[in-house]
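An overview of the molecular structure
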Amino acid sequence: MKFSKIGMLMVALAVISTTGVAAQETKFYVEGRGGFAVPTFNITDAADPGPAFGVGFGANVAPSIWVIADADFGFHPNATTGGPDINVYHFMGKFGYDVLGSSESPWSVILTAGGGALHFDIDGIASFTYPAINAGAKIGYAATENVTLFLNPQGDIAFSDEAEVGTTNSCVWPFSAGVAIRF
């Protein structure tokens, strides 16, 4: 239940942030991406790097400013032989700043930061959801007016319970590449 409330809050923030900007040209995008997620620090005792995929939505609410909702899904084999696998689901609301602004270049570099939640599913044995913060970038190349190819390095830090997962800060870094469709 807590998990769905956080998701609804992220969508509501994105909608609220885009109201009142109808007078300017508003741009939106949807994206899909794939790559891998790398756990770091103490969580590496339990989880190895694994494949990940994600989806996202963004709205340009002011010159160079984006409001972004991202979801990433990482699948981590256990770091020990025979231990349970760990799936980590990342749900983040972010603000992005396009450092290249409105340049005529097909390149874009959007620095992002935000917060949300990380949900840890330990092979169906147990699951935990923790508040989290995020920082990253979307480095894109506009192949056409409506299609952008991009790299998406980011880092997520969950404020986890040491008694449940063995550390108070579970760090997982999704690295992906994808395609954004702008409309």
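The structure we're discussing is the one just above.
Quantities reported herein were computed from a predicted structural model and do not represent experimental measurements.

For the rest of this paragraph, the subject is the side chain of asparagine 152. Tracing the chain through its elements places asparagine 152 in strand 7 (residues 147–158). At a separation of 3.2 Å, a polar atom in the side chain of asparagine 152 contacts the side chain of glutamine 154. Apart from the residues within four sequence positions on either side, asparagine 152 is in contact with Arg33, Asp70, Ala137, Lys138, Pro174, Phe175 and Ser176.

Taken together, eight strands build a closed barrel; the order of strands is 1-2-3-4-5-6-7-8 and the barrel is antiparallel. Averaged over all neighbouring strand pairs, the angle between strand axes comes to 25°, with direction disregarded. Bridging between strand 1 (residues 27–40) and strand 8 (residues 170–182) involves 12 bridges; their strand directions are antiparallel. Opposite proline 39, over in strand 8, you have valine 172 as the bridge partner.

Okay, the packing of aromatic side chains next. This model, assessed by the stated rule, comprises 12 aromatic pairs. A ring pair is formed by phenylalanine 28 and phenylalanine 183, whose centres lie 6.0 Å apart and whose planes are at 25°; its orientation type is stacked. With a gap of 155 residues between them, phenylalanine 28 in strand 1 and phenylalanine 183 in the segment after strand 8 connect regions that are remote in the sequence. Using a relative accessible area of 24% as the deciding quantity, one classes phenylalanine 28 as partly exposed. The exposure class of phenylalanine 183 is exposed, given its relative accessible area of 57%.

Going through the model one piece at a time under the given rule, you end up with six salt bridges. Here aspartate 70 ties to arginine 33 by a salt bridge, and the two come within 3.5 Å at their closest N and O atoms. With aspartate 70 in strand 3 (residues 65–76) and arginine 33 in strand 1, this residue pair connects regions lying 37 residues apart in the sequence. With a relative accessible area of 6%, arginine 33 lands in the buried category. A salt bridge links arginine 33 to aspartate 72, with the nearest nitrogen and oxygen atoms 3.0 Å apart. Pair noted here: arginine 33 is in strand 1 and aspartate 72 is in strand 3, with a separation of 39 residues, a long-range link. On the accessibility criterion, aspartate 72 (5% relative accessible area) is buried.

Let us look at a nonpolar patch on the surface. On the surface, a nonpolar cluster with roughly 730 Å² of combined accessible area is contributed by Tyr97, Val99, Leu100, Trp107, Leu111, Ile139, Tyr141 and Leu151. Listing elements by their share of the nonpolar patch, those giving two or more residues are strand 5 (107–122) and strand 6 (126–142). Note that valine 99 resides in the loop between strand 4 (86–98) and strand 5. Valine 99 gets classed as partly exposed once you look at its relative accessible area, which sits at 40%.

Sizing a probe to match a water molecule and rolling it over the atoms shows the empty space that remains. On inspection of all chains with the given rule, the structure shows one cavity of 30 Å³ or more. Contributing to the lining of the largest cavity are Tyr29, Glu31, Ser108, Ile110, Lys138, Ile139, Gly140, Thr148, Phe150, Ala180 and Arg182. Elements that contribute at least two residues to the lining of the largest cavity include exactly strand 1, strand 5, strand 6, strand 7 and strand 8. When residues in the lining of the largest cavity are grouped by element, the largest group, three residues, is from strand 6. Of the residues belonging to the lining of the largest cavity, the class tally is five nonpolar, three polar and three charged.

Criteria and cut-off values
- Residues numbered from 1 in each chain as written.
- Predicted model: local features only at pLDDT ≥ 70, side-chain atom pairs only at ≥ 80, totals over all residues.
- Heavy atoms only, no water.
- Helix = DSSP H or I, 4+ residues; strand = E, 2+ residues; numbered from the N terminus.
- Polar contact = N/O pair within 3.5 Å; in protein donor to acceptor, adjacent residues only side chain to side chain.
- Contact = heavy atoms within 4.5 Å.
- Pairing = 2+ DSSP bridges.
- Axes fitted to C-alpha atoms, helices over the stretch in contact; angles between N-to-C directions.
- Phe/Tyr/Trp six-rings, centres within 6.5 Å; stacked < 30°, edge-to-face > 60°.
- Buried < 20%, exposed > 50% of the residue type's maximum accessible area, 1.4 Å probe, protein only.
- Salt bridge = Lys/Arg side-chain N within 4 Å of Asp/Glu carboxyl O.
- Patch = residues over 30% accessible without salt bridge, like charges linked within 9 Å, V, L, I, M, F, W, Y side chains within 5 Å.
- Areas by Shrake-Rupley, 256 points an atom, 1.4 Å probe, with all protein chains shown as cover.
- 1 Å grid on protein atoms, 1.4 Å probe; cavity = no way out; pocket = protein on both sides within 12 Å on 5 of 7 lines; lining within 4 Å.
- Points joined across faces, edges and corners; volume = space filled by probe spheres on them.
- Nonpolar A, V, L, I, M, F, W, Y, C, P; charged D, E, K, R; others polar.

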